[in-house]
2 protein chains.
Amino acid sequence: MKFCPECGAPVALSLPQDDHRERHVCTVCNTIHYQNPKLIVGAIPEWQDGRILLCRRAIEPRHGLWTLPAGFMENGETTAQAAARETLEEANARIEILDLYAMYNLPYINQVQLLYRATLLDLDFSPGVESLEVELFGENEIPWDTLAFRPIRYTLEHYFADRKRDEFIFRNTDLTPPTR
Amino acid sequence: MKFCPECGAPVALSLPQDDHRERHVCTVCNTIHYQNPKLIVGAIPEWQDGRILLCRRAIEPRHGLWTLPAGFMENGETTAQAAARETLEEANARIEILDLYAMYNLPYINQVQLLYRATLLDLDFSPGVESLEVELFGENEIPWDTLAFRPIRYTLEHYFADRKRDEFIFRNTDLTPPTR
Ligand SMILES: [Zn+2]
Ligand SMILES: [Zn+2]
């Protein structure tokens, strides 16, 4: 941030009174502009035969790789609504949201990711503009080597293990930057 | 938002290609400025005798009312770190974070609130700059009529009920605007 979104004047980094870190503060109207982490919300849509809906990304990052439907939460919606909306946008698929299943902190990119268990309601899905393909995968068909993101891999691994035991356990995982 | 934080030129509301809602788009550099919900993160600090740490607010909104330590999550931290930092700032209190206990969606103010169960580690607490008082309350001492926010009341109600049964169940609650 270089300019004040409220008045257009330059901003400068400074420490507001009683604050604990520097903020972008307007040099004219003195508005303090905070920057905060963003929520990414998605779903694990399961069809009645146990297969899971994945989308192959038509956008960067990770163009061409497979992911669960997920994206930035918008103002004015709930996390469950965000998960359903992203599934509709990326896969033209309708789901019923079940429990919150996983939360990932990615502090190095200022993100918190939430994934919900979900029931896929019909088979009338197709790629949205951000997807190249949308497909159902059984546990033994998951494209493990071409998954787009670590939280997607971890979520699917836990999901299949939990499903086998018939007990889904919410997981809260903190990630550090990928090493490769 | 009226001006572009990147170049200082005016922004205008318009619908970017393939998007589903209007955004603030810069009229000069064409940067799309997204606005997303914010995370509020807090803790339920329990001392070894079962009492819970509450803070009486020295700031608006709800100046003078009691709350659990909580506040806006910052860039570069995890949700658990945010809960511990807020407890340190508001109550000069050290905690050990346990499980995520409650999530509230408040879509009408673009917030998601998370509350963690936590163990208070010592009794050397005191009001931070945002608190008038910090105090431990037993279940029968909670100032129910002067709690600051509905999520705080709901969380404490569930917490004591769950503690009695010795089973803490994560809850995901969507709130609508207060009617009064
Ligand atoms: Zn300004
Ligand atoms: Zn611009």
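Residues numbered from 1 in each chain as written. Chains lettered and ligands numbered in written order. Predicted model: local features only at pLDDT ≥ 70, side-chain atom pairs only at ≥ 80, totals over all residues. Heavy atoms only, no water.

1. Some remarks on the overall build of chain A
Now for step 1: Secondary structure summary: chain A contains 2 helices and 11 strands in total.
Now for step 2: Reading the helices (α) and strands (β) of chain A from amino to carboxyl end gives β-β-β-β-β-β-β-α-β-β-β-α-β.
Now for step 3: Expressed along its principal axes, the backbone C-alpha trace of chain A runs to roughly 60 × 30 × 30 Å.
Now for step 4: Here chain A holds 180 residues, and the buried ones make up 48% of them. (Helix = DSSP H or I, 4+ residues; strand = E, 2+ residues; numbered from the N terminus. Buried < 20%, exposed > 50% of the residue type's maximum accessible area, 1.4 Å probe, protein only.)

2. Let's talk about the relation of the copies chain A and chain B
Now for step 1: Each copy of the sequence occupies a distinct position, and chain A is placed on chain B by a rotation of 180° and an axial shift of 0.0 Å, giving an RMSD of 0.0 Å. The relationship between the two copies is best expressed as a two-fold rotation axis. (Least-squares fit on C-alpha atoms with pLDDT ≥ 70 in both.)

3. A few points about the coordination of the zinc ion (ligand 1)
Now for step 1: Distances from the zinc ion (ligand 1) to its protein donors, A:Cys4 (SG), A:Cys7 (SG), A:Cys26 (SG) and A:Cys29 (SG), fall within 2.2 to 2.3 Å.
Now for step 2: As a motif over one chain, the donors of the zinc ion (ligand 1) read C-x2-C-x18-C-x2-C. (Donors = N, O, S within 2.8 Å, 3.2 Å for Na, K, Ca; no water.)

4. Topic: the side chain of A:Gln113
Residues and elements named next belong to chain A.
Now for step 1: With respect to the helices and strands, Gln113 occurs in strand S9 (residues 111-120).
Now for step 2: A residue is classified by how much of its surface remains accessible, and Gln113, at 13% relative accessible area, is buried.
Now for step 3: Within the structure, the side chain of Gln113 is placed 3.0 Å from the side chain of Gln111, a separation counted as a polar contact.
Now for step 4: With residues up to four places along the chain from it excluded, the contact list for Gln113 reads Ile40, Ala102, Met103, Tyr104, Leu106 and Pro151. (Polar contact = N/O pair within 3.5 Å; in protein donor to acceptor, adjacent residues only side chain to side chain. Contact = heavy atoms within 4.5 Å.)

5. Examining the sheet that holds strand S3 (residues 32-33) of chain A
The strands making up a sheet associate through hydrogen bonds between their backbones, and the pairing can be parallel or antiparallel.
All names here are of chain A.
Now for step 1: Taking strand neighbours across the sheet as the criterion, the 3 strands line up as S1-S2-S3 in an open arrangement whose pairing is antiparallel. For this open sheet the edge positions go to strand S1 (11-14) and S3, each flanked by a neighbour on one side alone.
Now for step 2: Here strand S2 (residues 23-26) pairs with S3 via 2 bridges, running antiparallel. Its bridge partner being in S3, Val25 is matched across the sheet by Ile32. (Pairing = 2+ DSSP bridges.)

6. A closer look at the UniProt feature "domain: Nudix hydrolase" (unreviewed entry) in chain A
Now for step 1: Under the UniProt annotation, the feature "domain: Nudix hydrolase" (unreviewed entry) is placed at residues 33-160 of chain A.
Now for step 2: Secondary structure within residues 33-160 of chain A divides into 19% helix and 39% strand; the distance between the first and last C-alpha atoms comes to 43 Å. (UniProt positions renumbered as here; feature names shortened; annotations may be inferred.)

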